[in-house]
Amino acid sequence: MNQFACEVRSGLAKPQKELPSKYLYDELGSALFDAITALPEYGLTRADRRILNRHAVDLPRDFACVAEFGSGSGSKTRAILEAIAPKTYFPIDVSPAALDRCTRELCGMAHIQPIEDSFLEGLDRVREAQESGALLLLFLGSTLGNFDSRCRNDFLQQVRLRMRSGDAMLIGLDLVKPLETMLDAYDDPTGVTAAFNLNLLGRINRELGGDFDIRAFAHHALYNETDRRIEMHLRSRINQTVTVTEADFHCRFRADETIWTESSHKFYADEIPEIAHATGFVSEALWVDEEWPFAESLWRAV
Ligand code: AVJ
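Just so you know, these numbers come straight off a predicted model, no measurement behind them.

**Structural notes on the overall build of the protein**
In step 1: The helix and strand inventory of the protein stands at 10 helices and 14 strands.
In step 2: Its C-alpha atoms give the protein a radius of gyration of 19 Å, within 12% of the compact-globule value 19 Å for 302 residues.
In step 3: With the C-alpha coordinates aligned to their principal axes, the bounding extent of the protein is approximately 60 × 40 × 35 Å.
In step 4: The burial tally for the protein puts 56% of its 302 residues in the buried class.
In step 5: Relative to all contacts within the protein whose residues are 6 or more apart in sequence, the contacts with residues 24 or more apart total 67%.
In step 6: Put simply, the protein shows about 13,400 Å² of open surface, and 49% of that area lies on carbon and sulfur atoms.

**Concerning the layout of surface pockets**
In step 1: The space that makes up the second largest pocket amounts to roughly 150 Å³.
In step 2: For the second largest pocket, the full set of lining residues is Arg50, Ile51, Arg54, His55, Trp287, Val288, Asp289, Glu290 and Glu291.
In step 3: Of all the elements, helix α3 (residues 44-55) adds the most residues to the lining of the second largest pocket, at 4 residues.

**Observations concerning the nonpolar core**
In step 1: Ile80, Leu136, Leu170, Phe212, Phe217 and Ile259 are the most contacted members of the largest nonpolar core, which totals 63 residues.
In step 2: Looking at this core, the element that brings in the most residues is helix α9 (residues 192-208), giving 7 residues.
In step 3: The residues contacting isoleucine 80, other than those within four sequence positions of it, are Leu52, Ala56, Leu59, Ala85, Leu136, Leu138, Leu140 and Leu170.

**Describing the site of the ligand**
In step 1: By nearness alone, 13 residues border the ligand, and Tyr42, Asn146, Tyr186, Glu262 and Ser264 come closest of all.
In step 2: Between the ligand and tyrosine 42 there is a distance of 2.5 Å, counted from an oxygen atom to a side-chain nitrogen or oxygen.
In step 3: One of the side-chain N or O atoms of asparagine 146 is found 3.5 Å from an oxygen atom in the ligand.
In step 4: For the ligand, the accessible surface in isolation is 350 Å², of which the surrounding protein chains cover 95%.
In step 5: Here the shell around the ligand is composed, by residue class, of 8 nonpolar, 4 polar and 1 charged.

Reading the values: the criteria
Residues numbered from 1 in each chain as written. Predicted model: local features only at pLDDT ≥ 70, side-chain atom pairs only at ≥ 80, totals over all residues. Heavy atoms only, no water. Helix = DSSP H or I, 4+ residues; strand = E, 2+ residues; numbered from the N terminus. Rg over C-alpha atoms; globule rule 2.2 N^0.38 Å. Buried < 20%, exposed > 50% of the residue type's maximum accessible area, 1.4 Å probe, protein only. Contact = heavy atoms within 4.5 Å. Areas by Shrake-Rupley, 256 points an atom, 1.4 Å probe, with all protein chains shown as cover. 1 Å grid on protein atoms, 1.4 Å probe; cavity = no way out; pocket = protein on both sides within 12 Å on 5 of 7 lines; lining within 4 Å. Points joined across faces, edges and corners; volume = space filled by probe spheres on them. Core = buried A, V, L, I, M, F, W, Y, C linked by side-chain atoms within 4.5 Å. Near = heavy atom within 4 Å. Polar contact = N/O pair within 3.5 Å; in protein donor to acceptor, adjacent residues only side chain to side chain. Nonpolar A, V, L, I, M, F, W, Y, C, P; charged D, E, K, R; others polar.

Quick look at the structure:
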């Protein structure tokens, strides 16, 4: 049984059913995410890009290499590569389609070495390939917000262990904003985010022989005030049983029972330097977008 099948099986066996959000990004899911970034209600990606375009020139220039977690299509990275002109750029992504697009988009701006792997394993491979000079790691788009708050600092410490002093990380984090704004961003009236979420069931049907009736589920987004995160769920509209052949698994749903598919943590700007400090970094710069509360911060490994 492959890893996807194992994780589907164990996630759907929990009392609160859940599926890991990294599986949202197959080819269709990545295309739907790109469409989300164009939604008027989803200001996150535009805010990220505005800050990068404006402040790339303020970044230190002493990096021989740039690596990026979750490169996506690479379109936000252009301004940074232009400003820094590194020898090598290592996009790290689990999606081969995303790596292809990013390589095409940024072709000619550096020597590009795509790495198809998860973040930490990918960073290990950057370390093996990189000869000398400092490394700038990009962790944009508030991807860190998808990590559970309990494992967030562990993950950052694991990143820090793979860096040398003088290396740096540029990290983008979405900030707390009015409730309505946050809910609209994750439950847009056009239904693109709903399609992005429901596609996870389609992917299970396609890749694991599942028989999910996608129309029998509904997208649901909520803000969990206590944990300060948007949660995406898929709510069963009826009582039903689903079979996933490749995962050798049946699973029952009560009407209104949900599968929790993603968390997007929202940060306060004040806590960002504290998170840096707690995980072996020093925050050297912090820029906040004026239109859509979003922070970009440069952390130096010390
Ligand atoms: C790319 C993970 C940051 O959490 O805002 C967008 C993904 N999910 N709409 C986010 C997402 C629903 C996005 N990240």
